[in-house]
Every structure is written in C-alpha cells, then in structure tokens.
Amino acid sequence: MGLKGNFRKVSCQRLGGKMWSFELSNTNWILKSTYNIAIYDANRQQPWFWRGQVLDAGKTVAFNYDTVDWLFCQGDTVVLLDDNNRVIDQWTLQLREYGPGECPECHGSHKCRRCNGNGYVWPRGRMEEYTKCPDCDGTGICQTCYVPRRTPRYGGAPTGLIPM
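Residues numbered from 1 in each chain as written. Predicted model: local features only at pLDDT ≥ 70, side-chain atom pairs only at ≥ 80, totals over all residues. Heavy atoms only, no water.

1. A short note on a nonpolar patch on the surface
- A surface patch of nonpolar side chains, amounting to about 500 Å² of accessible area, comprises W29, I30 and L31.
- Its place among the elements puts L31 in the loop between β2 (18-26) and β3 (33-40).
- Residue L31 is classed as exposed on the basis of its relative accessible area, which comes to 58%. (Patch = residues over 30% accessible without salt bridge, like charges linked within 9 Å, V, L, I, M, F, W, Y side chains within 5 Å. Areas by Shrake-Rupley, 256 points an atom, 1.4 Å probe, with all protein chains shown as cover. Salt bridge = Lys/Arg side-chain N within 4 Å of Asp/Glu carboxyl O. Helix = DSSP H or I, 4+ residues; strand = E, 2+ residues; numbered from the N terminus. Buried < 20%, exposed > 50% of the residue type's maximum accessible area, 1.4 Å probe, protein only.)

As structure tokens, this is what we get:
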C-alpha cells in the first residue's frame, strides 16, 4: 500500500502556538493510494472518518486543527482501515511526561526557556523591535514538557484542552 504515518509538532495558523499534526505519506514512486482513515479521541468516543481518499505518489496529507479541525491530545489515535473496516495500521500520540522538576529545558517551571514565558524575544542588536518566540510560537509555554490533554467527558459535555 505504501502509506506511512507519523506525528509532528507544527505551528497552528488558526489558534497560534504549536500543535501536533498527523501526516500520512504515500511512499510509492508511481502509484496513487486510496485510503480510509479514522481519528479517535483518547476516550474512544465519536470517531471522525474519511473514506475513499486518494493520495498521489510521493505526496503527504496532514490532519490537524488547521486542515480538519482536529486538535490532537495525549492518547488520540489515528487508524488506517481497509474497505471492510479492518485495521491496517494505527498510530497513537504518546508524549513523554516529565515528573515535577525533571524537564531538561524548564526544570518544572513550564515556561519557555528562550523567552522566559513572555512569548516574545528581542533580536540581538535591535532593542526597539521584538518578535514572537520561535520556540514556543508566542505561547510562553515550555514545548518540551507540555502535554495537551482533553478534559473528561461528563454527560456528553464537549471536550477541550486542560489549561496549564
């Protein structure tokens, strides 16, 4: 089939900051691939399906908040299915979780080390201009130890991210 998938951290155009994106690549040199894919949240409720999608040879498609309105959190799973809904392959977002004070970057403060949690940096030699921090993309949150999580569902309430 020639399809490979992986998670990658990218900048979010719609929300600002960094987010996790799932990328599915067709590794064939000549042949197109038709795929069926499902994304499940960590609670395994209300999966999203895309069926009969065609991916040209050598191309990659991204699934994230900017492209399909899905914000990946810890434990979310992407499943590649055949036409009979049997699992061909699956990928689960499992990020390393550091204990208190163990993060090699922020040592537990949860602040971006480059901008000191401000979200902005001052370029060298220019004191009058500042730019958005390239490490945290303006959030001020340490991207090494931050793990996005969903709030628990109670009575069908919508899920969201748990703030830090």
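2. Description of the sheet that holds strand β6 (residues 77-81)
- Taken in spatial order, the four strands of this open sheet run β4-β3-β6-β7, and their pairing is antiparallel. Two strands bound the open sheet, and with one partner strand each, they are β4 (48-55) and β7 (87-92). When the angles between neighbouring strand axes are averaged without regard to direction, this sheet yields 20°.
- Here β6 runs beside β7; their pairing, made up of five bridges, is antiparallel. Residue L80 lies in a different strand from β7, and its bridge partner there is D89. (Pairing = 2+ DSSP bridges. Axes fitted to C-alpha atoms, helices over the stretch in contact; angles between N-to-C directions.)

3. A closer look at the sheet that holds strand β1 (residues 3-11)
- Pairing in this open sheet of three strands is antiparallel, and the strands run β1-β2-β5 from one edge to the other. Strand pairing shows two members of the sheet lacking a second neighbour, β1 and β5 (60-63), which therefore form its edges. Within this sheet the neighbouring strands show an average axis-to-axis angle of 30°, counted without direction.
- Bridge analysis of β2 against β5 gives four bridges, and the strand direction is antiparallel. Bridge pairing in β5 places L24 opposite V61.

4. Points about the packing of aromatic side chains
- Inspection of the entire model under this criterion finds nine aromatic pairs.
- When the centroid spacing of 4.9 Å and the interplanar angle of 80° are considered together, the rings of W48 and W70 count as edge-to-face. Taken together, the residues span a long stretch of sequence, with W48 in strand β4 and W70 in the loop between α1 (65-68) and β6 at a distance of 22 residues.
- Cluster of aromatic residues (ring-pair linked, three or more members): F7, F22, W48, W50, F63, W70, F72 and W91.
- A cation sits over an aromatic face here: R14 above Y65, 4.3 Å from the ring centre. (Phe/Tyr/Trp six-rings, centres within 6.5 Å; stacked < 30°, edge-to-face > 60°. Lys NZ or Arg CZ within 6 Å of the ring centre and 35° of its normal.)

5. Some details on the pairing of β6
- Where burial is concerned, most of β6 is hidden: five out of the five residues are buried.
- The two faces of β6 match: T77, V79 and L81 on one face and V78 and L80 on the other face are all buried.
- As defined by bridge partners, β3 adjoins β6 across five bridges and the pair is classed as antiparallel. What sits directly across from Y40, in β6, is T77.
- Counting the residues in the hairpin turn of β6 and β7 gives five residues, including N85, whose phi is positive at 65°.

6. Considerations on the side chain of Q74
- Within the secondary structure, Q74 is located in the loop between α1 and β6.
- Residue classification places Q74 among the buried positions, given a relative accessible area of 10%.
- Reaching out from Q74, the side chain makes a polar contact with the backbone nitrogen of L95 at a distance of 2.8 Å.
- Sequence-distant contacts of Q74, defined by excluding residues within four places in its chain, comprise A42, L93, Q94, L95, E97, V147, P148 and R149. (Polar contact = N/O pair within 3.5 Å; in protein donor to acceptor, adjacent residues only side chain to side chain. Contact = heavy atoms within 4.5 Å.)

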